Amino acid sequence: LSEHLFFLEGDFMKLRKERLILFIIIMVQIVGMFFLFEYKKDDISVDEAWSYGLANSYYEPYIYQEDDYNTKNEKNIGEWLPGKTLQQYLTVSQDQRFSYGSVFYNQACDTHPPFYYIILHTICSLFPGKFTLWFGFIINIITFIITEIYLFRLTKAVTKSSKAGLIACLFWGFTTNAVNNVLFIRMYSMLAMFAIMLAFYLEEWDRKDFESGRKYLWKMGLVTLLGALTQHIFLMYAFVFTVLFCLRLLVKKKIKKMFLFGSVMLFSVGISFAVFPATFHVETIVALHRTSS
């Protein structure tokens, strides 16, 4: 018994040590990103403005909207828009808080699914009439932290090495891509999070037997659903994952497992279409908007 307790204590200390190192790595990266955001980010791109406008403008996705196809109002071309108009577009008014129907409508007229905008609108609804890039930045910081944690777990599971997991997090968190994802107030940090989570749960499910791996199936399904509702690019990512993994299971003659996995993924994507039917025709709306512009 004392021998087993000794090894248990050793594993616990090792686990605590690697978590401490991971915590330090993430904290250093976050401090750097906070510095860049506070002192180096001195402007806002038009896409970042769209993030707030599409999330918060009440059933008016574009500031120049004229009809349901969002064609430009020719009378406004060349005219100066007052600051109040822009503020109303970018912020949530007191009587329009938590208007999720508006978020769905705006996104049906735009090019992206609504999940990221729902989260941003929820945060902005807690502070009606206020605009700050910090609202979107906090979302990106949280999703970045989760991404790093799952990247560590995924790399450790694949390589069987905690050091490899820590090195992966160290390198990823300091890359230009990771920094841009966090500083750019769009849905891409959230997209990266769901992509890494799906890869991790797939790896864990593959290593389990049929019964014990069931809990990872619903996790993969949920992540796929939320990823598909975050960015349409995720659908292509999930499709490639599903096809390649189903082929792998087919070669290994694990037919039952292949059909089970494929069914879960198809069901999740189907639910995302049911939640946001505009996925089917959003590009048509955008094409009409661009043609009329």
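What counts and how
- Residues numbered from 1 in each chain as written.
- Predicted model: local features only at pLDDT ≥ 70, side-chain atom pairs only at ≥ 80, totals over all residues.
- Heavy atoms only, no water.
- pLDDT = per-residue confidence, 0-100.
- Helix = DSSP H or I, 4+ residues; strand = E, 2+ residues; numbered from the N terminus.
- Contact = heavy atoms within 4.5 Å.
- Phe/Tyr/Trp six-rings, centres within 6.5 Å; stacked < 30°, edge-to-face > 60°.
- Buried < 20%, exposed > 50% of the residue type's maximum accessible area, 1.4 Å probe, protein only.
- Lys NZ or Arg CZ within 6 Å of the ring centre and 35° of its normal.
- 1 Å grid on protein atoms, 1.4 Å probe; cavity = no way out; pocket = protein on both sides within 12 Å on 5 of 7 lines; lining within 4 Å.
- Points joined across faces, edges and corners; volume = space filled by probe spheres on them.
- Nonpolar A, V, L, I, M, F, W, Y, C, P; charged D, E, K, R; others polar.
- Patch = residues over 30% accessible without salt bridge, like charges linked within 9 Å, V, L, I, M, F, W, Y side chains within 5 Å.
- Areas by Shrake-Rupley, 256 points an atom, 1.4 Å probe, with all protein chains shown as cover.
- Salt bridge = Lys/Arg side-chain N within 4 Å of Asp/Glu carboxyl O.

Caption draft 1: Main features of the confidence of the model for the protein. When the pLDDT values of the protein are averaged, the result is 86; 85% of them are 70 or greater. At the level of individual helices and strands, the protein shows its lowest average pLDDT in helix α13 (residues 282-292), which scores 46, and its highest in helix α5 (residues 115-125), which scores 98. Counting interchain partners and residues more than four positions distant, the pLDDT-below-50 stretch residues 1-10 has zero contacts. The model gives residues 65-75 a pLDDT under 50, and that stretch makes 23 contacts with residues more than four places away or in other chains.

Caption draft 2: View of the packing of aromatic side chains. With the rule as written, the count across this model stands at 26 aromatic pairs. With a centroid separation of 4.9 Å and an interplanar angle of 90°, the aromatic rings of tyrosine 58 and tyrosine 59 are classed as edge-to-face. Judged by its relative accessible area of 42%, tyrosine 58 falls in the partly exposed class. A ring pair is formed by phenylalanine 184 and tyrosine 188, whose centres lie 6.4 Å apart and whose planes are at 5°; its orientation type is stacked. Given the relative accessible area of 27%, tyrosine 188 is considered partly exposed. The structure contains a cluster of three or more aromatic residues connected by ring pairs, namely Phe34, Phe37, Trp134 and Phe137. Positioned above the aromatic ring of tyrosine 150 is the side chain of arginine 153, whose terminal nitrogen or guanidinium carbon lies 5.2 Å from the ring centre. In this structure, lysine 257 is placed above the aromatic ring of tryptophan 205, and the distance from its NZ or CZ to the ring centre is 4.6 Å.

Caption draft 3: Main features of unusual backbone geometry. A positive phi angle is found at tyrosine 59, which is not glycine, with a value near 50°. Phi is positive for lysine 160, which is not a glycine, with a value near 60°. Tracing the sequence through the fold places lysine 160 in the loop between α6 (134-159) and α7 (162-173).

Caption draft 4: View of empty space enclosed by the protein. Under the criterion given, the structure shown has one cavity of 30 Å³ or more. Empty space within the largest cavity amounts to approximately 30 Å³. Phe144, Thr147, Trp172, Ala178, Asn181, Val182, Ser189 and Ala192 together form the lining of the largest cavity. The set of elements that each furnish at least two residues to the lining of the largest cavity consists of α6, α8 (176-183) and α9 (188-207). In terms of residue count, the dominant contributor to the lining of the largest cavity is α8 (three residues). Of the residues belonging to the lining of the largest cavity, the class tally is five nonpolar, three polar and no charged.

Caption draft 5: Looking closely at a nonpolar patch on the surface. Together, Leu20, Phe23, Ile24, Met27, Val28, Val31, Ile167, Leu170, Phe171 and Phe174 make up a nonpolar patch on the protein surface, roughly 980 Å² of accessible area in all. With six residues, helix α1 (residues 2-40) is the single largest residue contributor to the nonpolar patch. By secondary structure assignment, the location of methionine 27 is in helix α1. Look at methionine 27 and you get partly exposed, because its relative accessible area is 35%.

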